[in-house]
Amino acid sequence: MTDLLITNARPMGGAAVDILIKDGVITAIGRGLSAENIPVEDGGGRIAIPGLVDAHTHLDKSLLGYPWYVNEVGPRLIDKIDNERKVKREYGLDVHVQSMRQSLQSVGYGTTLIRTHVDIDTDQGLAALEGVTETRRQLAGVVEIEIVAFPQSGLMRRPGTAELLDKAMAMGADLVGGLDPCGMDRDPKAHLDTIFTIAEKYGKGIDIHLHEGGALGTFSMEMTFERIRALSMQGKVAVSHAFCLGDPDWNATQALIDTCAELDVPILTTAPPSREVPSLRRLRSAGVRFGAGIDGFRDTWGPYGNGDMLERAMLLGMKNNLRRDDELLMALDVCTTGGAIAMDRHAHALEVGGRGDVVIVEGESVGEAIVTHQPRKLVVTAGNVVARDGASLRARP
Ligand SMILES: [Zn+2]
């Protein structure tokens, strides 16, 4: 937690002001601020935005630093999962090193808060969790990392996984993960009951990967809703992807969206061009907390992505047909303050009392900053300067 005065910066593209951060918190925003014995950074009249938030990624999957991975993986989800386990073994991946590489690349792009899913399976046990936990420890004060214990290879179909998830929570994972209760385990009741039981035992939340579309996705959502009601876990269960909310049958999806609002179920999207996705406008107008993430990148799953959440705001805008400048502000909110709120971080905003996470970006307006997503001039986490000119100050391993 540090003090910093940023001068001559334009919050969200508005008039130039100074931003004063004390003990890691924004304490004043205004013209002509001065403070003694506090480091000063000149914003140069550029735009200031809150720290970018990657609310859905996989720090343990990255192959950054390795030669280009030639992807010849089959089309099914299980092909990708089996292939990844095989490659991890062949490469002997050091998850700590890989997660440091991805995290610091993201910091260079202005990300100050990350929610990462970490694979827990009977092949590697808790090794990935240990690696990412060490990265979180080393990068404290640089980027905040929240960990979801994620049964990527299935839960009921791989006996022993539930016990490992329980251990992962005891070791300090923040949330329990889940994955396609019908499509993956073909036993939605057992899958959901298991993860809800573990979450309840540790008093933690849940974040479920739900790729299932149509009626199957609706069924899994409804079974999830039942358990949220029964266990009074309103506000503690998020759904990632939730492709079924993007289905063309608006009458059916509206009922699900309304229930997400009623039970306070945050939705986290990666806005992939290849799938129907939950509509930003519809979710926001229903009052559903909504965040966005990069998902994995430079891994065995696919070749796309680089960690840039400003670019993700552009993809979100393209996917949701956002054209007006005020709509682009909405996309940026999902990738900053709104995404943080979806993660229960309610002080992640560029305002007095907000956490001192500020990113100085190039552009006349926020719209131009999103569309051109030029290298970030300055990245500040809780008052600490952590990146300049597109690169984190801490070297990548
Ligand atoms: Zn994911």
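In this text, all values refer to a predicted model and were calculated from it rather than measured experimentally.

The rules behind the values
- Residues numbered from 1 in each chain as written.
- Predicted model: local features only at pLDDT ≥ 70, side-chain atom pairs only at ≥ 80, totals over all residues.
- Heavy atoms only, no water.
- Salt bridge = Lys/Arg side-chain N within 4 Å of Asp/Glu carboxyl O.
- Helix = DSSP H or I, 4+ residues; strand = E, 2+ residues; numbered from the N terminus.
- Domains from an automatic or database assignment.
- Contact = heavy atoms within 4.5 Å.
- Buried area = accessible area lost by both parts, 1.4 Å probe.
- Buried < 20%, exposed > 50% of the residue type's maximum accessible area, 1.4 Å probe, protein only.
- Arc of directions from axis to C-beta.

For the structure shown, the criterion picks out 32 salt bridges. The shortest N-O distance in the salt bridge between Glu262 and Arg229 comes to 3.1 Å. Of the two residues, Glu262 sits in helix 7 (residues 250-262) while Arg229 sits in helix 6 (residues 214-230), which places them 33 residues apart along the sequence. A salt bridge links Arg355 to Asp357; its shortest N-O distance comes to 2.9 Å. Taken together, the shared-partner salt bridges in this structure form one network comprising Arg115, Glu144, Glu146, Asp207, Arg345, Arg355 and Asp357.

Each assigned domain of the protein is listed here: domain 1 (4-50 + 351-388) and domain 2 (52-342). Relative to domain 2, the C-alpha centre of domain 1 lies at a distance of 29 Å. The interface is formed by 21 residues belonging to domain 1 together with 21 residues belonging to domain 2. Together domain 1 and domain 2 conceal approximately 1,600 Å² of surface at their shared face, both sides included; 68% is due to carbon and sulfur atoms.

Each α-helix winds once per 3.6 residues, and so residues spaced three or four apart point in a common direction. Among the residues of helix 10 (residues 325-334), Glu327, Leu328, Ala331, Leu332 and Val334 are the ones counted as buried. The buried residues of helix 10 all sit within an arc of 155 degrees when viewed along its axis, so they share a single face.

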